[in-house]
Amino acid sequence: MGKRGQPPALSEAQLEIMNVVWDRGETTVAEVWSVLAASRSVARNTVQTLMTRLEEKGWLRHRAEG
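From a predicted model like this one, the values you see are computed outputs, not experimental measurements.

Draft legend 1. Seen up close, helix H3 (residues 44-57). The terminal C-alpha atoms of H3 lie 20 Å apart, and with 14 residues this matches the ideal 20 Å at 1.5 Å per residue to within 8%. Within H3 the residues assigned to the buried category are Val47, Leu50, Met51 and Leu54. In an axial view of H3, the angular spread of the buried residues amounts to 100°, which keeps them on one side of the axis. Counted as exposed and oriented over 90 degrees from the buried face of H3: Asn45 and Glu56. Against helix H1 (12-24) and helix H2 (29-37) lie the buried residues of H3. Phi for Gly58, located one or two positions after H3, is positive at around 95°.

What counts and what doesn't
Residues numbered from 1 in each chain as written. Predicted model: local features only at pLDDT ≥ 70, side-chain atom pairs only at ≥ 80, totals over all residues. Heavy atoms only, no water. Helix = DSSP H or I, 4+ residues; strand = E, 2+ residues; numbered from the N terminus. Expected span 1.5 Å × (residues − 1). Buried < 20%, exposed > 50% of the residue type's maximum accessible area, 1.4 Å probe, protein only. Arc of directions from axis to C-beta. Contact = heavy atoms within 4.5 Å.

Next comes the structure, spelled out in structure tokens:
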């Protein structure tokens, strides 16, 4: 955690992902990737990695399904 218990700052790419999450609420990697891929070229694995890092920073939580 950063200053005053806040999660660490976000990179531009991480902020882009968080904007999708904030707009949609609970969402999947595939859904985030689909939204981002509609406007630019981005690999699904890149989105997965960035979302994992966001979880490590305290911005996201995940749960497994299936």
